[in-house]
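# Descriptive structure summary
Below, each chain spelled out in residue letters.
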Amino acid sequence: MSDSQPHGTPAAPSLADVQRVRTVHLQRAKDAGEKFSMLTSYDVLTAGIFDRAGVDILLVGDSLGNTVLGHDSTLPVTLEHMTTLAAAVARGAQRAMVLVDLPFGSYEESPAQAVRSAVRIMKESGAHAVKIEARADLAQHVAAVVRAGIPVMGHVGFTPQSEHALGGFRIQGRGAAAQQLLDDARAMQDAGCFAVLLEMVSADAAAAVEDALDVPTVGIGAGDVTTGQVLVWQDMLGLRTGPMPRFVKQYAQLAELASEAVSAYVADVRSGAFPAEEHSYRG
């Protein structure tokens, strides 16, 4: 028995064994060298599937602007969009933490605005935490939300809400920019964030951030060193087609499967094969 485990004290359960994932469990995972998973979800059915499969965090991302609403960016997404879809995800999740993005325009104006937006999402959706895209100069906004009693995951590196200011989809944290990434991540930790998400950053820079922070990091396009990993579910399961970012691994080809199934349905309807007798009511 190790010195850190007093006699008679039960060991903390593995993350896979907890009944409801909370921030303390994510911190324990980092401290123990354990990894955790995060996946986007925007509706009750996928939330239930992903939750039962063991995903630790369900992210209701403002990526819904692209994947659900059909916009070419996340900028048009509103608080109303986020609260409505987050409520659906929260209803479908029994174990996973439900994390919700604060959308563009809902927190940048002032710390008070950030608190109002975060409180609204928490009250109306039943989510457990929010995620905020923020640099060091917005740390006071993040800190205000934390002081209001709301867990916050900071988001640094490539921040989609700032894509125009960043010059498009560009890898962050390379060369001299690695120090700014580290400064931003430390500012998020100092503001009280329970974790920091690193998006599309140099793997070397991500490793430096992971080593420097006490709180967990989550990566998307940040290499294999972060405590957690996140992907957009439509990318991961192959529902979205076309060129994929380098960091996406596709575990299925749902678009192809769905197309084949729908084509079969259309053919059956046209031929009269559906509905058959077993699909009809009599008497």
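Keep in mind the model is a prediction, meaning the values are calculated, not measured.

## Quick word on helix α8 (residues 177–190)
Compared with an ideal rise of 1.5 Å per residue, which puts 14 residues at 20 Å, α8 spans 20 Å between its outermost C-alpha atoms and is within 8% of the ideal. Within α8, the full set of buried residues consists of Leu181, Leu182, Asp184, Ala185, Ala187, Met188 and Gln189. The inward-facing, buried residues of α8 contact α6 (139–147), β5 (152–157), β6 (195–199) and α9 (203–212).

## Digging into the UniProt feature "binding site: 3-methyl-2-oxobutanoate" (unreviewed entry) in the protein
The UniProt feature table records "binding site: 3-methyl-2-oxobutanoate" (unreviewed entry) at Asp62, Ser63, Asp101 and Lys131. Taken along the chain, the residues just named run across 70 residues; in space they keep tight, none of their C-alpha pairs more than 12.4 Å apart. Position of serine 63 relative to the elements: it lies in the loop between β2 (57–60) and α3 (64–67). Excluding its chain neighbours within four sequence positions, the residues that come into contact with serine 63 are Thr40, Tyr42, Thr74 and Val232. When you line up the elements, aspartate 101 lands in strand β3 (residues 97–101). Beyond its immediate sequence surroundings of up to four residues, aspartate 101 is in contact with Leu59, Val60, Gly61, Asp62, Met82, Ile121 and Lys131.

## Focus on the pattern of salt bridges
Applying the stated rule across the entire model yields eight salt bridges. With a shortest N-O distance of 3.1 Å, glutamate 80 and arginine 120 are connected by a salt bridge. Linking glutamate 80 in helix α4 (residues 79–92) with arginine 120 in helix α5 (residues 111–125), this pair joins segments that are 40 residues apart in sequence. What makes glutamate 80 partly exposed here is its relative accessible area of 41%. Residue class for arginine 120 comes out partly exposed when judged on its relative accessible area of 26%. The shortest N-O distance in the salt bridge between arginine 282 and glutamate 277 comes to 2.9 Å. Accessibility expressed as a relative area gives 48% for glutamate 277, which makes it partly exposed. Several salt bridges converge on common partners, so that one network encompasses Glu80, Arg120 and Glu124.

Rules behind the numbers
- Residues numbered from 1 in each chain as written.
- Predicted model: local features only at pLDDT ≥ 70, side-chain atom pairs only at ≥ 80, totals over all residues.
- Heavy atoms only, no water.
- Helix = DSSP H or I, 4+ residues; strand = E, 2+ residues; numbered from the N terminus.
- Expected span 1.5 Å × (residues − 1).
- Buried < 20%, exposed > 50% of the residue type's maximum accessible area, 1.4 Å probe, protein only.
- Contact = heavy atoms within 4.5 Å.
- UniProt positions renumbered as here; feature names shortened; annotations may be inferred.
- Salt bridge = Lys/Arg side-chain N within 4 Å of Asp/Glu carboxyl O.

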